[in-house]
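# Secondary and tertiary structure notes
Next come the chains, spelled out residue by residue.
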Amino acid sequence: MAKKTATADVGMIGLGVMGRNLALNMADHDFCVAAFDRQASSVRRFVSANPDTPGGLVGCTTLKLLVASLKRPRRIVLLIPAGKPVDDVLEKLVPLVDRNDIIVDGGNSMWTDTIRREKALAAKGLCFVGCGVSGGEEGARFGPSLMPGGSKKAWDQLKPIWNAIAAKVDRKTGKPLEGAVPGKPVRGGVPCTTYIGADGAGHYVKMVHNGIEYGDMQLICEAYNLIKELLGLKPNEMSKIFNRWNQGDLDSFLIEITADILQQKDPANSRKFLVDSVLDTAGQKGTGKWTSINALDMGICAPTMTEAVFARCISAIKEERVNASKSLRGPRRQPTKPQAKKLIDAVRDALYCSKICAYAQGFALMGQAQQEYNWKLDFGKIAMIWRGGCIIRARFLQKITDAYRQDKRLPNLLLDPYFKRKVNAAQANWRYAVSLAAQAGVPCPAFMSALAYYDSYRSARLPANLLQAQRDYFGAHTYERVDEKRGKFFHVDWPHPKRPQSKV
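Residues numbered from 1 in each chain as written. Predicted model: local features only at pLDDT ≥ 70, side-chain atom pairs only at ≥ 80, totals over all residues. Heavy atoms only, no water.

### Focus: the overall build of the protein chain
What counts, and what does not: Helix numbering and strand numbering both begin at the N terminus, where a helix is a DSSP run of H or I of at least 4 residues and a strand a DSSP run of E of at least 2. In this treatment the radius of gyration is a C-alpha quantity, and the globule benchmark scales as 2.2 Å times the residue count to the 0.38 power. Note on classification: 1.4 Å probe, protein chains only; a residue is buried when its accessible area is under 20% of the maximum for its type, exposed when over 50%, partly exposed between these limits. The contact criterion used is simple: two residues touch if any of their non-hydrogen atoms lie within 4.5 Å. All accessibility values rest on the Shrake-Rupley procedure with a 1.4 Å probe; residue burial counts only the protein chains present in the view.
Looking only at helices and strands, the protein chain features 20 helices and 14 strands. In terms of overall dimensions, the protein chain is globule-like: its C-alpha atoms have a radius of gyration of 26 Å, near the 23 Å expected for 504 residues. By the burial criterion, 52% of the 504 residues in the protein chain qualify as buried. Sequence-distant contacts, at least 24 apart, represent 68% of the contacts inside the protein chain between residues at least 6 apart. Within the structure as shown, the protein chain displays about 24700 Å² of accessible surface, and the carbon and sulfur contribution to it stands at 53%.

Here is the structure:
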């Protein structure tokens, strides 16, 4: 099936949903793609089903044929499951390629695996790129957000392809450019891709993107649930609310699809709405959990993203929750409903403020990671490439880009003048929504954790002073004093009758 001459611009290994669609995206942009899958029948079906792509497809039934089909330096993209499958393919592929060839892992690999692989392949003279790909099936086909990390030399070779196939946003407004169809991609605009940094930086930033995505989705679900439980609105009525929100500051892909989901009737019962028939147990693929674990390892406070992971965990124990609901009592509901407009406005503001906190936590985590791994991350550019193609694409991200353009060393998004104004103006409603949830017994862990994060971050003094005294009491862990310079530690001999203090 493969041509003997090296005519292909890029190779694609893995023809699952993402691999197929990214390959077609490349072919739409006039790049010839050599395609391989371990199932030869998948290769044949893929090539025969797409005979007229502008760039052309070259079907390859072996890795050796794939490599022979590529122009040099070879550019080969892996879109296969993360973990051992990547190492297995690399073991077979590496002996077939030459120095300076480029291998791209476009899956959701752990960034530490990418660091390890990049180092090992660099020793062999090969360029390895770990690239986050966000946008799902549609994004891969018509324009994803691409987050490549690895050698700068490899990026220079990939850049023409990545710039072409990435989602595009308007140069002035930052709004996504849409309207791509098979064979006719969107041209012009600013591509939603940029060089992220060395070795595992691309996959790390993609992981944090997914952690923020977890938080964003959970916050939207809590907004929906609070309105449903306290006002008793039907899904189609809430769809109108989310549509209205999508015209303002909350304009985003996730709000847009939420509005669409809520108005969908159940295909199995036209008298019901589909959302009411969907079982309330959420799955997860692990990247949100990775983000939360890494935040703990880095010592970065990221409670909103972490609560979103825990929310999925507790949703999974459906039978246990059903049994608990029969015996565990909550507060008595208020005899009168809250005023509808007041509550809806409060939930909107709570959603926006909590969203700011979730993103602040994600960017703070990336800020710590760049110190840990000696990366140089451009947060303004990262926010910009998330404006189109990816799941968390939103108008809001333009404000993050603006914030980091004004202050590249901004320690936290909450300190940006725009976001400070927004939170100051909306926090009364935020607190009202959270208090209503607590009083009514409606679970809103992400809303509540975001508010606690905000209140903790703005507090000049926290009760950790008592905590340090406790630690010194039972474990002689020492403490610092408010009237001494930082770095001087003290200990009280707690069992001693006079409890003398000593400098450590």
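What follows picks up the thread again.
### Here we look at helix α1 (residues 17–28)
Defined as follows: Here the expected span of a helix is defined as 1.5 Å times the quantity of residues minus one.
When the terminal C-alpha atoms of α1 are compared, their 17 Å separation across 12 residues agrees well with the 16 Å that a helix rising 1.5 Å per residue should span. Of all 12 residues in α1, nine are buried, a share of seventy percent or more. Among all positions in α1, only Gly-19, Asn-21, Leu-22, Ala-23, Leu-24, Asn-25, Met-26, Ala-27 and Asp-28 are buried.

### Points about the packing of aromatic side chains
The line we're drawing: Pairing of aromatic rings covers Phe, Tyr and Trp, the last through its six-membered ring, and needs centres within 6.5 Å; plane angles under 30 degrees mean stacked, over 60 mean edge-to-face, and all others mean tilted.
Throughout the structure, instances matching the rule amount to 17 aromatic pairs. With centroids separated by 5.0 Å and ring planes inclined at 65°, the aromatic side chains of Phe-242 and Trp-245 adopt a geometry described as edge-to-face. In this pair, Phe-242 and Trp-245 both sit in helix α9 (residues 235–245), three residues apart, roughly one turn of the helix. Across the pair, Trp-245 and Phe-242 agree in class, each one buried. Through a chain of ring-to-ring contacts, the aromatic side chains of Tyr-352, Tyr-359, Phe-396, Tyr-418 and Phe-419 assemble into a single cluster.

### Topic: the sheet that holds strand β8 (residues 168–169)
Let me state the cut-off plainly: Two strands are said to pair when DSSP picks up at least two bridges between them.
Spatial ordering of the open sheet is given by β9-β8-β10, a layout of three strands whose pairing is antiparallel. Among the strands making up the open sheet, the edge pair consists of β9 (176–177) and β10 (190–191). Relative to β9, β8 runs antiparallel, the two sharing two bridges. Its bridge partner being in β9, Lys-168 is matched across the sheet by Leu-177.

### So, the environment of Ser-315
You can see Ser-315 is positioned in helix α13 (residues 303–316). Overall, Ser-315 belongs to the buried group, its relative accessible area being 11%. Along the primary structure Ser-315 and Arg-75 are separated by 240 residues, whereas in three dimensions their C-alpha atoms are 42 Å apart. Ignoring sequence-local partners within four residues, the contact set of Ser-315 consists of Asp-280, Thr-281, Ala-282 and Arg-321.

### Quick look at unusual backbone geometry
In this chain, Arg-72 is followed by Pro-73 through a cis amide linkage whose omega measures -10°. The phi angle at Asn-100 is positive, at roughly 75°, despite the residue not being glycine. Relative to the helices and strands, Asn-100 resides in the loop between α4 (84–93) and β5 (102–105). Even without glycine at this site, Arg-499 takes up a positive phi of about 45°. Mapping Arg-499 onto the fold places it in the loop between β13 (490–492) and β14 (501–503). Exposure remark for Arg-499: the relative accessible area of 41% places this residue in the partly exposed category.

### What to know about the side chain of Asp-101
To keep things clear, this is the line we draw: N or O atoms closer than or at 3.5 Å make up a polar contact, with two conditions inside protein: a donor-capable atom paired with an acceptor-capable one, and, for residues adjacent in sequence, both atoms drawn from side chains.
Tracing the backbone through its elements, the reader meets Asp-101 in the loop between α4 and β5. Under the relative-accessibility criterion, Asp-101 is labelled buried at 2%. Reaching out from Asp-101, the side chain makes a polar contact with the side chain of Arg-74 at a distance of 2.7 Å. A distance of 2.8 Å separates a polar side-chain atom of Asp-101 from the backbone nitrogen of Asp-98.

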